[in-house]
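Residue strings, one per chain:
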Amino acid sequence: SAAAAAPSEGAMSNGVYVPPSAANGDVKPVVSTTPLVDFLMQLEDYTPTIPDAVTGYYLNRAGFEASDPRIIRLISLAAQKFISDIANDALQHCKMKGTASGSSRNKSKDKKYTLTMEDLTPALAEYGINVKKPHYFT
Amino acid sequence: RSGSKHATTPADNYYLARRRTLQVVVSSLLTEAGFECAEKAAVETLTEMLQSYISEIGRSAKSYCEHTARTQPTLSDIVVTLVEMGFNVETLPAYAKRSQRMVITAPPVTNQPVTPKALTAGQNKPHPSHIPGHFPEFPDPHTYIKTPTYREPVSDYQVLREKAASQRRDVERALTRFMAKTGETQSLFKDDVSTFPLIAARPFTVPYLTALLPSELEMQQMEETDSSEQDDQTDTENLPLHMSTDDSGPEKENASVLQQNTSLSGSRNGEENVIDNPYLRPVKKPKIRRKK
């Protein structure tokens, strides 16, 4: 009956089992049952930038047969976010390089940001992706 | 992958169209992030990463799904996959809401690659009942059905006779011309030597000898019977004597005996004396022992 007594000790909310020690708020539950279930319902009317056909094509090549089109949208959204996170990091690098010396104080840095490999490489290095591109072609 | 070939198959076009769509998507994401322009290499890198990311999610989600003895991936599989790939799942709804203002670009591509039916020949065999429907079809019947093609040989007597006669004539002509070209020739015409070459006649010292001696075939047969009766000396001696008694003149007897003796005694070595072609070897006859 120890096993039966254990569940009654912890607090249950939203289908998440919170151990008694976490009731203080010190420890956050690490894993929660799929919080995206609600989000998935919202995805029905939201179309991500990557078309469903394209994502579905690449998923099918990997052997993934999607039963629910919302799953495909979720995956394309996740991939989008992945790329945009990297792009934002590269933008930060670009901005840092531009205003490192504090040259432009009167006017803000010009709006033209160009994504170059020099900015992309350190941004990717933070994710553990090492790219080495040749500078020139012979 | 798309190489430098100019001609692309429909499957390649299909693949390339989707790749271009990914590039457009990457460009739109970069624009949303605030970049005005980008290096081609950078865009290519991000496109490649996007494609790999999607493929990896698909593969990993499939693996997780199959790990639990299921075939249809569910949301939990995807969540676990994203967590494994280092993706913070909780930020996803926030990101979705934030990027609502992004313009939805990249129209989907509609053409599907169809295997060309031009090269199919014949009716493919339908699946037997024990094979599920989603298995590939049988190959074209011409790949495994053998139909022998032969024409009925001409058996008309007249045609065959004609063919045999013309073939023999051609063979004779070819051989005589060959001998004329490689050996000595005599010409009927004084001035024109090469038009009608005749094989030069070799005068023999004893002209009637060839008429009196047994032919090559008989000599061969004699040699064969002699080799089988090697132990029996009397028979070998009897044979030339027997042959010589048939001859009328004494000279012919001597000549014939001489000829045959040399041929019999040197039957082993006779062929080596005769053959001057360096590419030929004397025939090794098997010793046939016949018990008398």
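Owing to the predicted nature of the structure, the values given are computational and were not obtained by experimental measurement.

What counts and how
- Residues numbered from 1 in each chain as written.
- Chains lettered and ligands numbered in written order.
- Predicted model: local features only at pLDDT ≥ 70, side-chain atom pairs only at ≥ 80, totals over all residues.
- Heavy atoms only, no water.
- Helix = DSSP H or I, 4+ residues; strand = E, 2+ residues; numbered from the N terminus.
- Buried < 20%, exposed > 50% of the residue type's maximum accessible area, 1.4 Å probe, protein only.
- Contact = heavy atoms within 4.5 Å.
- Areas by Shrake-Rupley, 256 points an atom, 1.4 Å probe, with all protein chains shown as cover.
- Core = buried A, V, L, I, M, F, W, Y, C linked by side-chain atoms within 4.5 Å.
- Buried area = accessible area lost by both parts, 1.4 Å probe.
- Salt bridge = Lys/Arg side-chain N within 4 Å of Asp/Glu carboxyl O.
- Polar contact = N/O pair within 3.5 Å; in protein donor to acceptor, adjacent residues only side chain to side chain.
- Nonpolar A, V, L, I, M, F, W, Y, C, P; charged D, E, K, R; others polar.
- Pairing = 2+ DSSP bridges.
- Phe/Tyr/Trp six-rings, centres within 6.5 Å; stacked < 30°, edge-to-face > 60°.
- Patch = residues over 30% accessible without salt bridge, like charges linked within 9 Å, V, L, I, M, F, W, Y side chains within 5 Å.
- Axes fitted to C-alpha atoms, helices over the stretch in contact; angles between N-to-C directions.
- Parallel < 35°, antiparallel > 145°, perpendicular 65-115°, else oblique.
- Expected span 1.5 Å × (residues − 1).

1. Remarks on the overall build of chain A
Thinking step 1. Of the regular secondary structure elements, chain A holds 5 helices and 3 strands.
Thinking step 2. Starting at the N terminus and walking to the C terminus, you meet the elements of chain A as α-β-β-α-α-α-β-α.
Thinking step 3. The buried share of chain A, taken over its 138 residues, is 36%.
Thinking step 4. Counted over contacts in chain A with a minimum sequence separation of 6, partners at least 24 positions apart contribute 56%.
Thinking step 5. Working note: accessible area of chain A is about 8,400 Å², and carbon and sulfur atoms make up 54% of it.

2. Looking at the overall build of chain B
Thinking step 1. In terms of regular secondary structure, chain B is built from 10 helices and 3 strands.
Thinking step 2. Scanning chain B from its N terminus toward the C terminus, one meets helices and strands in the order α-β-α-α-α-α-β-β-α-α-α-α-α.
Thinking step 3. In chain B, buried positions account for 23% of the 292 residues.

3. Remarks on the nonpolar core
Thinking step 1. Residues Leu74 and Leu120 of chain A together with Leu46 and Leu50 of chain B are the most contacted members of the largest nonpolar core, which totals 59 residues.
Thinking step 2. Looking at which element gives the most residues to this core, the answer is helix H4 (residues 69-98) of chain A, with 14 residues.
Thinking step 3. Residues contacting Leu46 of chain B, with those up to four places away along its chain left out, are Ile83, Ile86, Leu115 and Leu120 of chain A together with Val26 and Leu30 of chain B.

4. Some details on the environment of Lys125 of chain B
All names here are of chain B.
Thinking step 1. Within the fold, Lys125 resides in the loop between helix H4 (92-98) and helix H5 (157-182).
Thinking step 2. Note on Lys125: relative accessible area 45%, which makes it partly exposed.
Thinking step 3. Taking the C-alpha atoms as reference points, Lys125 and Asp140, 15 residues apart in sequence, are found 7.9 Å from one another.
Thinking step 4. Ignoring anything within four residues of it in the chain, the contact list for Lys125 reads Phe138 and Tyr144.

5. As for the interface of chain A and chain B
Thinking step 1. With 52 residues of chain A at the contact, the number on the chain B side is 56 residues.
Thinking step 2. With both sides pooled, the region where chain A packs onto chain B buries about 5,000 Å², and carbon together with sulfur makes up 76% of that total.
Thinking step 3. Joining chain A to chain B, the criterion identifies 0 salt bridges.
Thinking step 4. The interface formed by chain A and chain B includes 8 residue pairs in polar contact (both at pLDDT 80 or more).
Thinking step 5. The set of elements that each furnish at least two residues to the side of chain A that touches chain B consists of helix H2 (36-42), helix H3 (52-62), H4, strand E3 (114-115) and helix H5 (117-126) of chain A.
Thinking step 6. Considering every element that reaches the side of chain A that touches chain B, the biggest residue donor is H4 of chain A, with 16 residues.
Thinking step 7. For the side of chain A that touches chain B, a count of residues per class yields 34 nonpolar, 12 polar and 6 charged.
Thinking step 8. For E3 of chain A and strand E1 (residues 37-38) of chain B, the ladder comprises 2 bridges, and the chain directions are parallel.

6. Points about the packing of aromatic side chains
Thinking step 1. By the definition in use, this model includes 3 aromatic pairs over all chains.
Thinking step 2. Judged by centre distance (5.1 Å) and plane angle (70°), the ring pair of Tyr57 of chain A and Tyr58 of chain A falls under edge-to-face. Here the two residues Tyr57 of chain A and Tyr58 of chain A agree in accessibility, since each one is buried.
Thinking step 3. Aromatic pair Phe82 of chain A and Tyr127 of chain A: ring centres 6.2 Å apart, planes at 90°, arrangement edge-to-face. One end of the pair, Phe82 of chain A, is in helix H4; the other, Tyr127 of chain A, is in the segment after H5, and 45 residues separate them in sequence.
Thinking step 4. Tyr127 of chain A sits in the partly exposed class, given a relative accessible area of 37%.
Thinking step 5. Here the aromatic cluster, defined as three or more aromatic residues joined through ring pairs, consists of Phe82 and Tyr127 of chain A together with Tyr53 of chain B.

7. Looking at the pattern of salt bridges
All names here are of chain B.
Thinking step 1. Taken as a whole, this structure holds 13 salt bridges over all chains when the rule is applied.
Thinking step 2. Among the salt bridges present, the one from Lys62 reaches Glu66, with a minimum N-O distance of 3.7 Å. Pair noted here: Lys62 and Glu66 are both in helix H2 (residues 40-67), with a separation of 4 residues, about one helical turn.
Thinking step 3. Residue Asp170 pairs with Arg169 through a salt bridge whose shortest N-O separation is 3.8 Å.
Thinking step 4. Ionic contacts of the salt-bridge type, sharing partners, join the residues Arg19, Lys40, Glu44 and Glu48 into one network.

8. Some remarks on the side chain of Thr81 of chain B
Thinking step 1. Inspection of the secondary structure puts Thr81 of chain B in helix H3 (residues 75-84).
Thinking step 2. Each residue touching Thr81 of chain B, except ones within four places of it in the same chain, is listed here: Ile57, Ser60, Ala61 and Tyr64 of chain B.

9. Here's the deal with unusual backbone geometry
Thinking step 1. Phi angles above zero are rare outside glycine, and Ala69 of chain B is one such case at about 60°.
Thinking step 2. Checked against the element boundaries, Ala69 of chain B lands in the loop between H2 and H3.

10. Digging into a nonpolar patch on the surface
Residues and elements named next belong to chain B.
Thinking step 1. A cluster of nonpolar side chains, contributed by Leu188, Phe189, Phe196 and Leu198, occupies part of the molecular surface with about 420 Å² of accessible area.
Thinking step 2. Locating Leu188 in the fold gives a position in the loop between strand E2 (185-187) and strand E3 (197-199).
Thinking step 3. By relative accessible area, which is 64% here, Leu188 ends up exposed.

11. Quick look at the packing of H3 of chain A against H4 of chain A
Residues and elements named next belong to chain A.
Thinking step 1. Interaxial distance between H3 and H4 falls to 9 Å at its minimum, and their mutual angle equals 90°. The pairing of H3 with H4 is recorded here as roughly perpendicular in orientation. Taken together, the residues of H4 that come into contact with H3 (itself represented by Asp52, Thr55, Gly56 and Leu59) are Ile72, Arg73, Ile75 and Ser76.

12. Some words on H4 of chain A
Thinking step 1. In this model H4 of chain A runs 43 Å from its N-terminal to its C-terminal C-alpha over 30 residues, within 8% of the 44 Å that 1.5 Å per residue would give.
Thinking step 2. Across the 30 residues of H4 of chain A, 21 count as buried, placing the element largely inside the fold.

13. Remarks on the environment of Arg61 of chain A
Thinking step 1. Within the element layout of this structure, Arg61 of chain A appears in helix H3.
Thinking step 2. On the basis of relative accessible area, Arg61 of chain A is assigned to the exposed category, the value being 58%.

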